[in-house]
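Remarks on the overall topology
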Amino acid sequence: MSKTISILGSTGSIGRQTLDVAEQMGLRVAALTAHGSVDRMEEQVRQFKPRLAVMTDEAAAKDLAVRLADTETRVLGGFEALMEAATVPEADTVVTAVVGMVGLKPTLAAIGEKKRIALANKETLVCAGELVMDAAEAAGAEIVPVDSEHSAIFQCVQGCADRREIKRLILTCSGGPFYGMTYDEVGKMTKADALKHPNWKMGPKITVDCATLMNKGLEVIEAMRLYRLPLRQVDVVIHRQSIVHSLVEYHDGAVLAQLGTPDMRLPIRYAMTYPERGGNPAEPLDLLACPPLTFAAPDREAFPCLRLAEEAATEGGTACAILNGANEEAVRLFLEDQIGFHDIPRLVAQARAAVPVVQAPTLEDILEADRAARESVRH
């Protein structure tokens, strides 16, 4: 069970909910990081009194340092300071809740210090999953997933002594705000439309990924890396109610599912308490009050990002890093109103075609693939 935590990305949705859980559990907080949300970071530091606070935006770090001059918290700025936050000696658990490739190096650094990784940064495994899992195995570091779908699978495989008993992993997907629309209908949707997720409250980048179904594609790749399974053993079903968070089908015909209310504090808390279970921080699931639970196949024609992710997963190597880097850049442009919704998969496909794939990549190969993919989208 976790006792002292560092949170990378504490001002985002997952980070804030992690602090709620930390307060409920009486956990100590050793380090907090954010990009530029100075007001929120100041509030968090004054409440939780971490030894270290990091702002990756240098100007924001200078502002925060002035504001916190009356405290004992040390303030650092820049992306490299994330490494120090990820490796503070007193933290036994590092919650990686930053969005994007920025989480990769700090996660590897925390693994090197044998921390428990409460992983909410899916890009780390999407881009460098084999390197990360190999590093964790070599160091003896635990990786406990925080995403609701992967937490569900993690819980459903606890009694599985031999992974060869797994027939397939079934990731559930709400379908996002545009479920049921045709490709042409989806193309008319605006940023405001894309940011209206039906069930979950998340940051803008992940919410857009849910609208394109790229988020589910990234989760497919993440599941493949976490459990070292091929794509043919990872499936996706649309489940609009977000009650069944994912399922595992075994070769004997048994299908195990994890159900719960759509509240991220549940998987966050489990990542903190594993292998034990603590009290429920959310409203309990009332089966008698649940709506009918429905399941459907995803539409890969209306939502090509899911197909693009599966194609990258099949190719392997740096293909997934190219996919992710291009998607991050395209979503940024969409959120800045520079491109339309259908331009996101178009630009991702463009980058996949333009950037060569390196098989059996090193960390440097992965970082270069990410850079080249972003450059392709920008030009």
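Residue indices begin from 1 for each chain and proceed along its sequence in written order. Totals for whole chains, interfaces and linings use all residues, but because this is a predicted model, local features are given only for residues with pLDDT of at least 70 and pairs of side-chain atoms are given and counted only at 80 or more. Computation of side-chain values covers all heavy atoms of the structure but excludes hydrogens and water.

**Things to note about the pairing of strand 1 (residues 4–8)**
- Along strand 1, 5 of the 5 residues are buried, which leaves the element largely enclosed by surrounding structure.
- Each residue is placed in one exposure class: buried if its accessible area under a 1.4 Å probe, protein chains only, is under 20% of its type's maximum, exposed if it is over 50%, and partly exposed if it falls in between. Numbering of helices and strands runs from the N terminus, with a helix taken as a DSSP run of H or I at least four residues long and a strand as a DSSP run of E at least two residues long. Here strand 1 shows two buried faces, one formed by T4, S6 and L8 and the other by I5 and I7.
- Both strand 1 and strand 2 (residues 28–34) contribute to a ladder of 5 bridges, which runs parallel. Bridge pairing in strand 2 places S6 opposite A31. The pairing criterion for strands is at least two bridges between them, as found by DSSP.

**A word on the sheet that holds strand 5 (residues 93–96)**
- Across the sheet, 7 strands lie side by side as 4-3-2-1-5-6-7; this open sheet has parallel pairing. In this open sheet, the two strands that pair with only one neighbour each are strand 4 (74–77) and strand 7 (143–145). Along the sheet, successive strands turn relative to each other by an average axial angle of 20°, direction set aside.
- Summarising the sheet, strand 5 and strand 6 (residues 116–119) pair through 4 bridges and their orientation is parallel. Residue pairing in the sheet places T96 in a bridge with L119 of strand 6.
- By definition in these notes, contact holds between two residues if any of their heavy atoms fall within 4.5 Å. Between the N-to-C directions of two axes lies an angle of 0 to 180 degrees, each axis being a line fitted to C-alpha atoms and, for a helix, fitted only over the stretch in contact. Taken strand by strand, helix 1 (residues 13–25) contacts strand 1, strand 2 and strand 5, and its axis lies near 165° from that of strand 1.

**Looking at the pairing of strand 11 (residues 255–259)**
- The pairing of strand 10 (residues 244–250) with strand 11 spans 5 bridges and is antiparallel. Counterpart to V244 in the pairing with strand 11 is L259.
- Counting the residues that bridge the hairpin from strand 10 to strand 11 gives 4 residues, and of these G253 lies at a positive phi of roughly 95°.

**Points about helix 3 (residues 58–67)**
- Taken as a whole, helix 3 has its buried residues at A60, A61 and L64. With its buried residues spanning 100° around the axis, helix 3 presents them on a single face. Exposed side chains of helix 3 directed beyond 90 degrees from the buried face belong to A59, K62 and V66.
- Contact partners of the buried residues in helix 3: helix 2 (38–48), strand 3 (52–55) and strand 4.
- The opening residue of helix 3 is D57, an N-cap whose side-chain oxygen sits 3.1 Å from the backbone nitrogen of A59. Working note: the arc is built from the helix axis to C-beta atom directions. Pairs of N or O atoms are called polar contacts if they sit within 3.5 Å, as long as, within protein, a hydrogen donor faces a hydrogen acceptor (for residues adjacent in sequence, only side-chain-to-side-chain pairs).

**Considerations on the packing of aromatic side chains**
- Aromatic pairing here means that ring centres of Phe, Tyr or Trp (its six-membered ring) are within 6.5 Å. Orientation follows from the plane angle: under 30 degrees is stacked, over 60 is edge-to-face, and everything else is tilted. The tally for this structure, following the rule as stated, stands at 5 aromatic pairs.
- Between F154 and Y270, the aromatic rings sit 6.4 Å apart at their centres with planes inclined by 65°, giving edge-to-face as the arrangement. Residue F154 is located in helix 7 (residues 148–156), and its partner Y270 is located in helix 12 (residues 265–273); the two are separated by 116 residues in the primary sequence. Of the two residues, F154 and Y270, both sit in the buried class.
- Between F154 and Y274, the aromatic rings sit 5.0 Å apart at their centres with planes inclined by 65°, giving edge-to-face as the arrangement. Pair noted here: F154 is in helix 7 and Y274 is in the loop between helix 12 and helix 13 (304–315), with a separation of 120 residues, a long-range link.
- By relative accessible area, F154 is classed as buried at 12%.
- These aromatic residues form a ring-pair network of at least three members: F154, Y270 and Y274.

**With respect to the packing of helix 13 against helix 14 (residues 319–335)**
- Put simply, helix 13 and helix 14 touch, their axes get as near as 7 Å, and they point 150° apart. Taken together, the axes of helix 13 and helix 14 are roughly antiparallel relative to one another. Residue-level inspection shows L308, A309, A312, A313 and E315 of helix 13 in contact with helix 14, the latter providing A319, C320 and L323.
- Classifying every residue of the contact of helix 13 with helix 14 gives 7 nonpolar, no polar and 1 charged. If an angle is under 35 degrees, it is roughly parallel; if it is over 145, roughly antiparallel; if it lies from 65 to 115, roughly perpendicular; otherwise it is oblique. Gly is put with the polar residues, along with every residue not named as nonpolar or charged; the nonpolar set is Ala, Val, Leu, Ile, Met, Phe, Trp, Tyr, Cys and Pro, and the charged set is Asp, Glu, Lys and Arg.

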